Amino acid sequence: MDGTLIGYLALDGLVVGSIYALTALGLALVYGLLRVLHVAHAGVYAVGAYCGWLAYGASHSLVLALAAGAAGAVLLGVFLDAWFYRPLAGKPPLIALIGSIGLFLAAGDLLRILFGPYQHSLPAMSSNPLFSVGGVGVTPTQVFVLCGTLVLLLGVYWISARTRLGLAWRSIAQDREIAAAMGIDIPRHTALAFALASALAGVAGVMVGVYYNQIAPTMGNEPAYKTLAIVVLGGLGNVWGTVAAGLLLGVIESFSSAFAGNYFPPQSVAFVALILVLLFRPQGLFGR
Amino acid sequence: MLRKLLLILVLVAAPLVAVQAQGTVTVGVLAPLTGFAAADGKSAVTSIELATQTINAHGGILGRQIKLKIYDDQADPKQAVNFARRLVEEDHARFVIGASYSGATLAAAPIFNQNHIPMMAAYAVAPDITKGHPYVFRVGLMGPVEGRIGAVLARKLGAHSVAMINLKNDFGQALEQGFKSEAPKQGIRIAFSDAYPLGNQNFTSMLVRVKMHHPGAIYASGYYSDAANLVRQAKSLAIRAPIIGQDGYDSPKFIELAGSAANGVYITTQLDRDSRQPDVEHFLRAYQAKAGEPADMVGASGYAAMEVMARAVDKAGSLDGNAVRQALASMKDVNTVAGHIYRWNENGDPIKTATVQVIRNGHFHRYMSVTDRTLLTP
């Protein structure tokens, strides 16, 4: 096997995996606290991408686009928490799940009605190689996604390991009632978790838009199911397991599309992995 | 009180509606306006409405105004069947434009055929849509024909070996089959052939393998959003072989999404942007004015489908399904905005001209016209 090919496949897998990790990370965070599968998270991701696109169109600034993507996503995420998930607390989780699927579909259709069914471009960055490592050309868009993801992951790590907020989240995830009894304001901390999760999704949406130079109302469809698979693979609610599962899935997809793409579509890797894990390791790859 | 008012309103208005309806001809349209294919559905419907406005402004068909009845089939065969029945039973459509994807069009075609309602498929490619359905016709180029033109073009561009990247659906398979049947005749070796699923965004791994074969050209089937990624990623990999696409690429959106990587891409298609034909110029201008964006190939095929049906009705001098069908089958040399149709074959598929367009400085331009009847016959 050619070394350059392996290099290209690994790089490509890491870039795609980074975006999976960022999107699924927020989902894991929300699941850890609320124990619901927040399918509408993929809708938040698409709305974030559109906010970034609007901001880029008005300002031609990538920084503003990322900020607007995060801000739009945070607003939507916090709104969903306060007006949708909170009123459903105490109801069977299936109700929140079904409602969440409905919200996801509504978000996609709302984007279609507002901005049309066509794709839009987000030409913030060139995709011509910037430099080459061992014959593997690296593009500015790839550097942007990899560095952006690294910075955000370090930020999330710092919040969860070093701040009182992170401590509060972990205690709520471990035992909601005892955490409440210890005086932790659960609605406030849940809202903050939604804010962080949504910001990550919004930024991921803008990154995907820049990486592929396109956004579309249907852009959440693939993440909607794939992030669920990643969250389960990572061990439901296990934040770092989810990040690892996202990166791993990106790399496996990349290699499988090169060597078995004709017989085994890369889109199915997530589900085959999911079935195998549920059969043999139902707590997830990294679950305890 | 309100209910009484409403009742009076209905009683007064109903006869008015009925009178108006007598003077119109109901034409059914099935198109995907929501779901994954919504962009194509919108292009097609915008164009069909445009063609209808033009026809109505010139006196309609047989002196009656066309009234469109449009249903959103979401490119879903189940929905298409439901709406096809409704068009037949409730709306009494006199003829139908099938402006949806192959699956949905294939499901609806037998229903119209059984009820002797002529149907014109705009851009669906599946061969079985017309086969055994004497009332069902097609206005678009057949996939295998387009594939063959692709091979002729590759040879003209000096390629002796070609790498094929095929979309894994009926469109991609029809093109692949046509290209592979013509390639040996053109002295072209297929150096590489692989397929990808619809909606694929990442072509890097496939393109790296393509690069290793040093092909003289790349024949890549697909729709513009996927194709934009393909040509961008080919450029990132410094692949210099020319890329040959088809009418699936034929949208200004392709150029927007692919950016500078679109330059130098060739496509085999039906809408000639450099045409000086008055109806093509009118269509391009009117579409831009109505939709606020430039027209694409799907739009042109929707427009052509309506144009052709209106002419067939006029030729038949009647709205009777059988008369319209016979008129269509005997029509020769029909100019449309999507190419010149020599005639329809026994299946109802067109033998028509094609064009090769190349993108230069972010615009589609004519590279050559294809008029070789042997090559163009399905």
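Our subject in this report is the structure included herewith. Not measured: the values here are computed from a predicted model. (Residues numbered from 1 in each chain as written. Chains lettered and ligands numbered in written order. Predicted model: local features only at pLDDT ≥ 70, side-chain atom pairs only at ≥ 80, totals over all residues. Heavy atoms only, no water.)

Describing the overall build of chain B
What counts is decided by this rule: A helix here means a DSSP run of H or I that spans at least four residues, while a strand means a run of E at least two residues long, and both kinds are numbered starting from the N terminus. Exposure classes here rest on a 1.4 Å probe applied to the protein chains alone. A residue is buried below 20% of its type maximum, exposed above 50%, and partly exposed in between. The contact rule is simple, with two residues in contact once any of their heavy atoms fall within 4.5 Å. Here the Shrake-Rupley method, with its probe set to 1.4 Å, supplies the accessible areas, and only the displayed protein chains count as covering residues. When charges are tallied, Lys and Arg are placed among the positive residues and Asp and Glu among the negative ones, while His and the ends of the chain are skipped. Charge placement uses NZ in Lys and CZ in Arg. For Asp and Glu, CG and CD serve respectively.
From N to C terminus, chain B includes 13 helices and 15 strands. The C-alpha extent of chain B, read off along each of the three principal axes, is 75 × 50 × 40 Å. Residues counted as buried form 59% of the 378 residues belonging to chain B. The long-range share in chain B, meaning contacts at least 24 apart out of those at least 6 apart in sequence, stands at 68%. Summed over all atoms, the accessible surface of chain B reaches about 14600 Å², with 54% contributed by carbon and sulfur. For chain B, the separation between the mean place of its 38 positive charges and that of its 31 negative charges on side chains is 2 Å.

Structural notes on helix H3 (residues 62-85) of chain A
Residues and elements named next belong to chain A. Let me state the cut-off plainly: The span one expects for a helix is its residue count, reduced by one, times 1.5 Å. N or O atoms closer than or at 3.5 Å make up a polar contact, with two conditions inside protein: a donor-capable atom paired with an acceptor-capable one, and, for residues adjacent in sequence, both atoms drawn from side chains.
Across its 24 residues, H3 extends 32 Å between first and last C-alpha, which sits within 8% of the 34 Å expected from 1.5 Å per residue. Within H3, burial applies to Leu-62, Ala-65, Leu-66, Gly-69, Ala-70, Gly-72, Ala-73, Gly-77, Leu-80, Asp-81, Phe-84 and Tyr-85. Where H3 is buried, its residues contact helix H1 (3-34), helix H2 (41-59), helix H4 (93-115), helix H5 (140-162) and helix H8 (186-212). Regarding H3, its N-cap is Ser-61, as a side-chain oxygen of that residue lies 3.4 Å from the backbone nitrogen of Val-63 further along.

What to know about the environment of Ala-191 of chain A
All names here are of chain A. Residue placement: Ala-191 occurs in helix H8. Taking the relative accessible area as the measure of exposure, Ala-191 reaches 17% and is therefore buried. Note: C-alpha distance between Ala-191 and Tyr-212 (21 residues apart in sequence) is 31 Å. Those residues in contact with Ala-191 that sit more than four places away from it in its chain are Val-78, Asp-81 and Arg-86.

Observations concerning the interface of chain B and chain A
Condition: The buried area of a pairing is the accessible area, by a 1.4 Å probe, that goes missing from both parts when the two are put together, added over both. Basic side-chain nitrogens of Lys or Arg form a salt bridge, by our definition, when they fall within 4 Å of a carboxyl oxygen of Asp or Glu. Under the scheme applied here, ten amino acids are nonpolar (Ala, Val, Leu, Ile, Met, Phe, Trp, Tyr, Cys and Pro), four are charged (Asp, Glu, Lys and Arg), and all others, including Gly, are polar.
Each partner contributes to the interface: chain B provides 37 residues, whereas chain A provides 30 residues. Regarding the contact of chain B and chain A, the summed buried area is about 2800 Å², with carbon and sulfur atoms giving 48% of it. The interface formed by chain B and chain A contains zero salt bridges. Summed over the shared surface of chain B and chain A, the result is twelve residue pairs in polar contact (both at pLDDT 80 or more). At the level of elements, helix H2 (38-57), strand S7 (189-196), helix H7 (204-212), helix H8 (224-236) and helix H9 (252-258) of chain B are the ones that each hand at least two residues to the side of chain B that touches chain A. If one sorts the elements of the side of chain B that touches chain A by residue count, H8 of chain B sits on top with eight residues. In terms of residue class, the side of chain B that touches chain A is made up of 14 nonpolar, 14 polar and nine charged.

Here's the deal with the pattern of salt bridges
Residues and elements named next belong to chain A. For the structure on display, the rule yields 15 salt bridges over all chains. Of the charged contacts, one joins Arg-112 and Asp-109 as a salt bridge, the two residues approaching to 3.1 Å between their closest N and O atoms. One end of the pair is Arg-112 and the other is Asp-109, both in helix H4 and three residues apart, which spans about a single turn. Assessed through its relative accessible area of 17%, Arg-112 is described here as buried. For Lys-226, the salt bridge goes to Glu-222, with nearest N and O atoms at 2.6 Å.

Topic: the sheet that holds strand S15 (residues 363-370) of chain B
Residue and element names in this part refer to chain B. Stated formally: Note on pairing: two strands pair once DSSP finds at least 2 bridges between them. For helices, the fitted line uses only the C-alpha atoms of the stretch in contact; every axis is such a line through C-alpha atoms, and the angle between N-to-C directions lies from 0 to 180 degrees.
In spatial order, the strands read S7-S6-S8-S9-S10-S14-S15; together these seven strands make up an open sheet with mixed pairing. At either margin of the open sheet sits one strand with a lone partner, and together these are S7 and S15. Averaged over all pairs of adjacent strands, the angle between strand axes in this sheet comes to 25 degrees, irrespective of strand direction. As judged from the four bridges shared by strand S10 (residues 266-269) and strand S14 (residues 354-360), these two strands associate in the antiparallel manner. By the bridge assignment for S14, Ile-267 is matched with Gln-357. Sitting on the sheet, helix H6 (residues 170-182) touches strand S6 (161-167), S7 and strand S8 (217-220), and the angle it makes with S6 is about 160 degrees. Along the sheet, H7 contacts S6, S7 and S8; its crossing angle with S7, the most-contacted strand, is approximately 175 degrees.

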